[in-house]
Amino acid sequence: MFLLSKLFWVFAQPLSVAFLLSAVAALLAFAGRRRLSGLSALLAALVLLVTLFTTTGTVALQILEARFARQASDPVDVACMIVLGGAFDNEINTARGGIELNQAADRFVEALRLARNHPQARLLISGGDGSISGGYEGEAQTAERFFAAFGVATDRLVKENASRTTYENALKTAELLKSEGLENCLLITSAYHMPRSVGLFRKAGIAFAPWPVDYRTSGVVAWSVDFTQPSLNAQLATTAAREWMSLVAYYLTGRIGTTFPQ
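Conventions and cut-offs
Residues numbered from 1 in each chain as written. Predicted model: local features only at pLDDT ≥ 70, side-chain atom pairs only at ≥ 80, totals over all residues. Heavy atoms only, no water. Axes fitted to C-alpha atoms, helices over the stretch in contact; angles between N-to-C directions. Helix = DSSP H or I, 4+ residues; strand = E, 2+ residues; numbered from the N terminus. Parallel < 35°, antiparallel > 145°, perpendicular 65-115°, else oblique. Left-handed = near helix turned anticlockwise from the far one by under 90°. Contact = heavy atoms within 4.5 Å. Nonpolar A, V, L, I, M, F, W, Y, C, P; charged D, E, K, R; others polar. Salt bridge = Lys/Arg side-chain N within 4 Å of Asp/Glu carboxyl O. Buried < 20%, exposed > 50% of the residue type's maximum accessible area, 1.4 Å probe, protein only. Disulfide = S-S within 2.5 Å. Pairing = 2+ DSSP bridges.

1. Points about the packing of helix α6 (residues 106-117) against helix α7 (residues 139-149)
Okay, so step 1: Here α6 crosses α7 at 45 degrees, and the two axes come no closer than 12 Å. Taken together, the axes of α6 and α7 are oblique relative to one another. In terms of crossing hand, the pair formed by α6 and α7 is right-handed. Residues F108, V109, A111 and L112 of α6 form the contact with α7, whose participating residues are E139, A143, F146 and F147.
Okay, so step 2: Taken together, the residues of the contact of α6 with α7 break down into seven nonpolar, no polar and one charged.

2. Some thoughts on the pattern of salt bridges
Okay, so step 1: Scanning the entire structure with this criterion turns up eight salt bridges.
Okay, so step 2: Across the pair D74 and R113 runs a salt bridge, and its minimum N-O distance is 2.7 Å. Of this pair, D74 sits in the loop between α4 (56-65) and β1 (80-84) while R113 sits in helix α6; the two residues are 39 residues apart in sequence, bridging distant segments of the chain.
Okay, so step 3: Since its relative accessible area comes to 32%, R113 is described here as partly exposed.

3. Here we look at the state of the cysteines
Okay, so step 1: One pass over the full model with this rule turns up one disulfide.
Okay, so step 2: For C80, the disulfide goes to C185, at an S-S distance of 2.1 Å. Disulfide C80-C185: torsion about the S-S bond near 90 degrees, hence right-handed. Here C80, found in strand β1, pairs with C185, found in strand β4 (residues 185-190); they are 105 residues apart in sequence, far enough to count as distant.
Okay, so step 3: You can call C185 buried: its relative accessible area is 1%.

4. Side note on the side chain of N93
Okay, so step 1: Of note, N93 is situated in helix α5 (residues 90-96).
Okay, so step 2: Residue N93 is classed as buried on the basis of its relative accessible area of 1%.
Okay, so step 3: The residues touching N93, leaving out its near neighbours within four places in the chain, are F88, G98, I99, E100, E137, T142 and R145.

5. Points about the packing of helix α3 (residues 34-53) against helix α10 (residues 230-252)
Okay, so step 1: Where α3 meets α10, the closest approach of the two axes is 6 Å, and the angle between their N-to-C directions is 100 degrees. Viewed along their axes, α3 and α10 adopt a mutual orientation that is roughly perpendicular. Contact residues: T51, L52 and F53 in α3; P230, N233, A234 and A237 in α10.
Okay, so step 2: Of the residues assigned to the contact of α3 with α10, the class counts are five nonpolar, two polar and no charged.

6. Notes on the sheet that holds β1
Okay, so step 1: The strand order across the open sheet formed by five strands is β3-β2-β1-β4-β5, and the pairing between neighbours is parallel. The two strands at the open ends of the sheet, each matched to only one other strand, are β3 (157-160) and β5 (208-213). Neighbour-to-neighbour, the strand axes of the sheet open up by a mean angle of 20 degrees, direction not taken into account.
Okay, so step 2: Here β1 pairs with β4 via three bridges, running parallel. Each bridged residue has a counterpart across the sheet, and for V83 the counterpart in β4 is I188.

What follows is the structure, encoded as structure tokens:
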């Protein structure tokens, strides 16, 4: 299932869909099916237009980010934090031994801030190597270096270094929470990723409070045509498409109880 999901996404992301439709159009034209070729080319152009030159991706991502509100103030007491991986560049860190962060760095920056403000809190870092090759360092392993660099004692960390997907995050985290006697944790992950995470962690029987971070949108963008930032539009559309597809897939396979947890 893991490999299948990875391969599916290679072809299901918006720019890949546009490429495949263009390739089909060329093949149909070569075969003399001009009408079907034109239709396929038109669909490819439409996908590119929506992905690159509209705010569709931003609006779709805003809906995900708005599902769980950011807390107005810090919690009075924190006993446990679950931090989902996805914030480190595993390929670079494996090769260079560093702690290179990617766009989801807020997950660990926020966890570090809370850890320093609540020195009694334990941190459960959930995330292994989610690549197809499986040849890179896991997120939890890198996280140990990250927190140690800022003076957080390693004995405060609980490392789950085997999960490759959010579904596996939930299952393996539930086992560790039980074995460590930890409960009522904060769940720290990207705001757009929170609905899927909440659905999976609830299904796993974990008690937690959502703590969304890493917002990618302002939350106030309306749908419009936008020719100013095609690369960013494509990035946001791709992120939104993956998350919405994952919500539907997880619901259809019974891994979450509703298509849009709240």
